[in-house]
Amino acid sequence: MEVGRLPISASLRGKLISAGYTTFASLSSLSHSDLARDLKIPESEALEILKAASLNCGLDKPDKSNVIVNGAQTAWEMLHEEQSFPRITTSSSDLDNILGGGINCKEVTEIGGLPGIGKTQMGIQLAVNVQIPVDLGGLGGKAVYVDTEGSFMVERALQIAKASIVEMSNYTELLKKKNRVCQVDIQPTDILDNIFYFRICTYTEQIALINYLDKFILEHKDVKIVIVDSVTFHFRQDFEDLALRTRLLGGMALKLMNLAKKYNLAVVIFNQATTKYVEGSFQLSLALGDSWSHCCTNRVILHWNGDERNAYLDKSPSLRSASASFSVTSEGIRNSASNHKRIKLM
Amino acid sequence: MTSENLLTRPLIAEKLTLGCPLLDRCLGGGLPCCSITELVAESSCGKTQFCLQLALSASSLYLHTEFPFPFRRLHQLSQAFRSSHANLVAINPWEDVYVDAVHNAHQMLDIMPKIESFIESEKPRLPVRLIVIDSIAALFRTEFNNTPLDLKRRSSLFFKISGKLKSLANRFRSAVVVTNQVVDFMGASDGANGVKVGNFGSLHSLGRRVCPALGLAWANCVNSRVFLSRNEMVVGERVSFTFVGQSIKEVFLA
């Protein structure tokens, strides 16, 4: 019996059990005046009992809360938690702005676009940016990169890592001028070392890996982003039973969402673009169908606008739809260089 | 399942040289291994010549879909190759090129396991590091009508074939080169509904606006795309090469 563990006098314990309170859960959300009334004891004693109970099961929650039931949080606490976690920058400030600061942890973000628009480049940039140290406003975490298409190139990742280190040292110089000291001592090979790379060649491997990731991240708690590039490739082969495909994809999406929430990390999945016959004409949309489009928290569509690459925030629970342009340079993803995107206010 | 440590891979990916230092420099050393590179060009721009030369610079498997296979030209190139590489005195480069014919897409899918066991086996003298398919467009020309059902079947074949090729490339650390044809470009390429693939809205060859054949689905299946074009020449040779895909640059060779 759980209440047997409480450090209270035997008579109080007897009163608790005879009144029907045998577990800590039954004592949760009970005020001391209610307990005092039920047990016919003074309120101070009731308060002590409740304190002892909350201490006993609140031991693994460093932030004290009045709720004993595990997992329940007030919305206020959730807001604080969300605000305290930095987002992962995409290295393009325009893009970060429409994303509300960057890619958010605890959420699944889907990024899709035509071939050659820069999805893999974005993936590599995020895998590098998640490693920005906490002193410089980043997450200081590691990345898991799941490559299904074979488009990840180590030399490109090295190139982006080197450029990122240069930017970080410039930033530390700036901070030094403001008398804030932090050291950036990272080598490009260290950055590569912190990317856990998986190459998978069939859809069964893909499903098996996503199932395995839970255990993997349990052993590597500093992973802060999981990138799947791309989730579509192996699922566009002929599935005789489309319902099976939908079930498999749904299961995968659920696992990824659970990963994101449980370990407080960001999940970014890349999708391919395809044409959909809508209202008599072919329109561009993302692959895998309508049921898949419900599975992610945020959706960003990358497309061409003339000669510029644009990102359009299509789905988000808290931000409004907006579009921003970006470019892919030898240093990675950066703001686009054109000038006419800025609106001048009179 | 274990993650691969990126530092165990070579920091600069292994590349297959094209034979021309200028082109190699544009492509960052040559065609990358472990990925599929597509060569897109109008007919008679030089795709097969490129492929024959590439096939000679490595132990390769050449799958041709258009007939006849230019054996004599291969022999000729091989002689030239041998004379320019002094260390190949006793070896004929063309003995390391394994040629096979493929007639349609289903056959292509069927022979994948045979290809895998061939490369694994003792039969090739050197490990096969290049697989060439010349051309992929010809495989899909005859059996598919323009109905949604047939196009869907065609798309699923694209992904199946490309998936198997990529896993072969990954397993044997080899390069895969696929050639494709062009079709005339119709319609808009702008806005969210325009289907612009790659960095250039439309490519030009011999004065026409063209785009690669086989459509958007196939474009999702390759890792890099190289466009070869030919301009009408007035005086002297002028061939331009436009690169689309992983490294984007445009080079004009005078």
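All of these numbers come straight from a predicted model, not from anything done at the bench. (Residues numbered from 1 in each chain as written. Chains lettered and ligands numbered in written order. Predicted model: local features only at pLDDT ≥ 70, side-chain atom pairs only at ≥ 80, totals over all residues. Heavy atoms only, no water.)

**Examining the pattern of salt bridges**
Thought 1: Enumeration over the complete set of coordinates arrives at 15 salt bridges over all chains.
Thought 2: With a closest N to O distance of 2.7 Å, A:Asp314 and A:Arg299 form a salt bridge. Taken together, the residues A:Asp314 in strand β8 (residues 308–315) and A:Arg299 in strand β7 (residues 298–305) connect sequence positions 15 residues apart.
Thought 3: For A:Asp314, a relative accessible area of 32% corresponds to the partly exposed category.
Thought 4: Overall, the relative accessible area of 10% leaves A:Arg299 in the buried class.
Thought 5: Ionic pairing is found between B:Arg129 and B:Glu14, a salt bridge with its closest N-O pair at 3.3 Å. Placement of B:Arg129 in the loop between α5 (112–120) and β7 (130–134) and of B:Glu14 in the loop between β1 (4–5) and β2 (15–16) is noted, with a sequence separation of 115 residues between them.
Thought 6: According to the relative accessible area criterion, B:Glu14 is partly exposed, its value standing at 36%.
Thought 7: Within the structure, one salt-bridge network assembled from shared partners comprises A:Glu110, A:Arg299 and A:Asp314. (Salt bridge = Lys/Arg side-chain N within 4 Å of Asp/Glu carboxyl O. Helix = DSSP H or I, 4+ residues; strand = E, 2+ residues; numbered from the N terminus. Buried < 20%, exposed > 50% of the residue type's maximum accessible area, 1.4 Å probe, protein only.)

**A few points about the domain arrangement of chain A**
Thought 1: What the domain assignment lists for chain A is domain 1 (3–57) and domain 2 (79–335).
Thought 2: Relative placement of domain 1 of chain A and domain 2 of chain A: their C-alpha centres are 49 Å apart. (Domains from an automatic or database assignment.)

**Examining the interface of chain A and chain B**
Thought 1: Counting from both sides, the interface comprises 39 residues of chain A and, opposite them, 41 residues of chain B.
Thought 2: Carbon and sulfur atoms supply 58% of the area buried between chain A and chain B, which totals about 3,700 Å² over both sides.
Thought 3: Where chain A meets chain B, there are one salt bridge.
Thought 4: The residue A:Glu155 makes a salt bridge to B:Lys15 at a minimum N-O spacing of 3.1 Å.
Thought 5: Those elements giving two or more residues to the side of chain A that touches chain B turn out to be α8 (154–177), α9 (188–193), β3 (195–199), α10 (203–219), β5 (266–278), β6 (281–286) and β7 of chain A.
Thought 6: Looking at the side of chain A that touches chain B, its residues break down into 20 nonpolar, 10 polar and nine charged.
Thought 7: Examined bridge by bridge, β3(A) and β1(B) share two bridges and lie antiparallel to one another. Each residue of the ladder has a partner; that of A:Tyr197, found in β1(B), is B:Glu4. (Contact = heavy atoms within 4.5 Å. Buried area = accessible area lost by both parts, 1.4 Å probe. Nonpolar A, V, L, I, M, F, W, Y, C, P; charged D, E, K, R; others polar. Pairing = 2+ DSSP bridges.)

**Things to note about the sheet that holds strand β11 (residues 208–212) of chain B**
Residues and elements named next belong to chain B.
Thought 1: Here three strands make up an open sheet; going across it, the order is β9-β11-β10 and the pairing antiparallel. Here the strands that pair on one side only, and so sit at the sheet edges, are β9 (182–184) and β10 (203–205). Averaged over all pairs of adjacent strands, the angle between strand axes in this sheet comes to 55°, irrespective of strand direction.
Thought 2: Pairing analysis gives three bridges linking β10 to β11, with the strands arranged antiparallel. (Axes fitted to C-alpha atoms, helices over the stretch in contact; angles between N-to-C directions.)

**Describing the nonpolar core**
Thought 1: Judged by nonpolar contacts, the single largest core of 50 residues is most densely connected at A:Ile88, A:Met122, A:Leu126, A:Tyr145, A:Phe152, A:Ile225 and A:Leu302.
Thought 2: Among the elements that line this core, the one with the most residues is α8(A), at eight residues.
Thought 3: For A:Phe152, the contacting residues outside a window of four places in its chain are A:Thr120, A:Ile124, A:Tyr145, A:Asp147, A:Ala157, A:Tyr197, B:Leu6 and B:Arg9.
Thought 4: With 37 residues, the next largest nonpolar core counts B:Ile36, B:Ile119, B:Leu157 and B:Ala217 among its residues. (Core = buried A, V, L, I, M, F, W, Y, C linked by side-chain atoms within 4.5 Å.)

**Digging into the side chain of A:Gln272**
Residue and element names in this part refer to chain A.
Thought 1: Among the secondary structure elements, Gln272 is positioned in strand β5.
Thought 2: By relative accessible area, which is 1% here, Gln272 ends up buried.
Thought 3: In terms of polar contacts, Gln272 uses its side chain to reach the side chain of Arg236, at 2.9 Å. (Polar contact = N/O pair within 3.5 Å; in protein donor to acceptor, adjacent residues only side chain to side chain.)

**Regarding the side chain of A:Glu149**
Thought 1: Looking at the secondary structure, you find A:Glu149 in the loop between β2 (142–147) and α8.
Thought 2: The charged side chain of A:Glu149 is buried without a salt bridge, its nearest counter-charge being B:Lys166 at 4.8 Å.
Thought 3: A polar contact of 2.9 Å, which involves the side chain of A:Glu149, links it to the side chain of A:Ser230.
Thought 4: The residues touching A:Glu149, leaving out its near neighbours within four places in the chain, are A:Arg199, A:Asp229, A:Ser230, A:Phe233, A:Gln272, B:Lys166, B:Asn220 and B:Asn223. (Lys, Arg positive; Asp, Glu negative; His and termini not counted.)

**Points about α10(A)**
All names here are of chain A.
Thought 1: In this model, α10 (17 residues) spans 24 Å end to end at C-alpha, consistent with the 24 Å of a helix rising 1.5 Å per residue.
Thought 2: The largest bend along α10 measures about 35° and falls at Leu213.
Thought 3: Of the positions making up α10, those classed as buried are Gln206, Ile207, Leu209, Ile210, Tyr212, Leu213, Phe216 and Ile217.
Thought 4: Next to the buried residues of α10 lie β2, β3, β4 (223–229) and α11 (242–263). (Expected span 1.5 Å × (residues − 1). Bend = angle between axes of the 7 residues up to and from the residue.)

**Topic: unusual backbone geometry**
Residues and elements named next belong to chain B.
Thought 1: Looking along the chain, the bond that leaves Phe67 and enters Pro68 is cis, with omega of -5°.
Thought 2: Going from Asp134 to Ser135, the amide bond is cis rather than trans, its omega being -5°.
Thought 3: Among the secondary structure elements, Ser135 is positioned in the loop between β7 and α6 (136–139).
Thought 4: Of note, the phi angle at Arg173 is positive, near 55°, even though the residue is not glycine.

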